[in-house]
Amino acid sequence: MKKITISAGDALIIVDVQNDFLQGGSLAVKHGEQVAPALNRYIALFQAKGLPIFATRDWHPANHCSFREHGGMWPPHCVAGTPGADFSAQLELPSGTHIISKATLPEQEAYSAFEGTDLDRQLRAAGVQRLFVGGLATDYCVLHTVKDARLHNYQTFLLTDAVRAVNMRAEDGRQALEEMLRLGAQMTEIAALR
Ligand code: VGL
Ligand code: ZN
């Protein structure tokens with residue numbers, strides 16, 4: 001694996017590591033609990049170098065259109081202000097973490113952390129050019145966030161040891177990784193970062 005030295009212009013993006021996507025949550029991702037310990041290593045690295053850390057969260061109103069009872073495909077999850085929407089207690093977010101709430105409007109689904117949020121402006125304001133992305137879920141919010149990151153021309157690294165997929169179809173996670181590669185994202189893991 002190609003070694004990468006992180007430095008000014010790099011940011012860590014932690015996608016939706018929230019209780020409802022973890023064991024016991026309403027939309028639990030298989031092995032989702034494994035991403036927090038992995039992400040904590042990236043957090044320590046970025047924190048030690050004084051680099052920005054962004055944590056996104058699904059932050060739905062109770063009547064969100066993605067919920068089955070409102071015509072969507074998901075059980076109710078990550079309702080703003082409920083325990084299910086809280087970040088995992090296993091995730092060691094530093095106090096300076098920039099929090100990005102998404103899919104906050106009843107009639108709008110937003111898998112991407114760029115959609116309907118201030119993320120792009122904040123990244124630009126901070127002079128960020130390279131993104132290191134991990135979290136949940138590989139085949140939904142991580143995929144769509146990486147897609148938009150590439151559309152916005154960020155050099156984008158997917159943290160393969162810090163993502164897990166919903167896998168509604170068994171191959172979804174693998175296909176999502178392939179699509180990200182096609183879009184020019186690169187794959188890396190903690191052992192490659194300095
Ligand atoms: C997500 C399904 C529904 C995700 C969010 O964070 O990947 N998946 N809402
Ligand atoms: Zn959602």
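Remember, predicted model here, so these are calculated numbers, not experimental data. (Residues numbered from 1 in each chain as written. Chains lettered and ligands numbered in written order. Predicted model: local features only at pLDDT ≥ 70, side-chain atom pairs only at ≥ 80, totals over all residues. Heavy atoms only, no water.)

A. How the structure looks around the sheet that holds strand 3 (residues 98–102). Judged by pairing direction, the sheet is parallel, and its six strands sit side by side in the order 3-2-1-4-5-6 without closing on themselves. In this open sheet, the two edge strands, each paired with only one partner strand, are strand 3 and strand 6 (186–188). Put simply, the sheet's adjacent strands are angled 25° from each other on average, direction ignored. Where strand 1 (residues 10–15) meets strand 2 (residues 53–58), four bridges bridge the pair, whose relative direction is parallel. Each residue of the ladder has a partner; that of Val15, found in strand 2, is Thr56. The strands that helix 1 (residues 35–48) touches are strand 1, strand 2, strand 4 (130–136), strand 5 (155–164) and strand 6; relative to strand 5, the one it contacts most, it runs at about 140°. (Pairing = 2+ DSSP bridges. Helix = DSSP H or I, 4+ residues; strand = E, 2+ residues; numbered from the N terminus. Axes fitted to C-alpha atoms, helices over the stretch in contact; angles between N-to-C directions. Contact = heavy atoms within 4.5 Å.)

B. The arrangement of the site of ligand 1 in detail. The environment of ligand 1 is made up of Asp16, Phe21, Asp58, Trp74, His77, Tyr111, Leu136, Ala137, Tyr140 and Cys141. Leu136 has a polar backbone atom sitting 3.5 Å from an oxygen atom of ligand 1. Backbone polar atom of Ala137 to an oxygen atom of ligand 1: 3.0 Å apart, as the coordinates give it. For ligand 1, whose accessible area on its own is 260 Å², the fraction buried by protein is 99%. (Near = heavy atom within 4 Å. Polar contact = N/O pair within 3.5 Å; in protein donor to acceptor, adjacent residues only side chain to side chain. Areas by Shrake-Rupley, 256 points an atom, 1.4 Å probe, with all protein chains shown as cover.)

C. Structural view of the pairing of strand 2. Among the six residues of strand 2, six are classified as buried, and the element is accordingly described as predominantly covered. Neither face of strand 2 is left uncovered, since the one carrying Ile53, Ala55 and Arg57 and the one carrying Phe54, Thr56 and Asp58 both have all their residues buried. Between the parallel pair strand 1 and strand 2, the chain is carried across by helix 1, and the sense of this crossover is right-handed. Summarising the sheet, strand 2 and strand 3 pair through five bridges and their orientation is parallel. Residue pairing for strand 3: Thr56 is matched across the bridge by Ile100. (Buried < 20%, exposed > 50% of the residue type's maximum accessible area, 1.4 Å probe, protein only. Right-handed = clockwise from strand over helix to strand, strands pointing away.)

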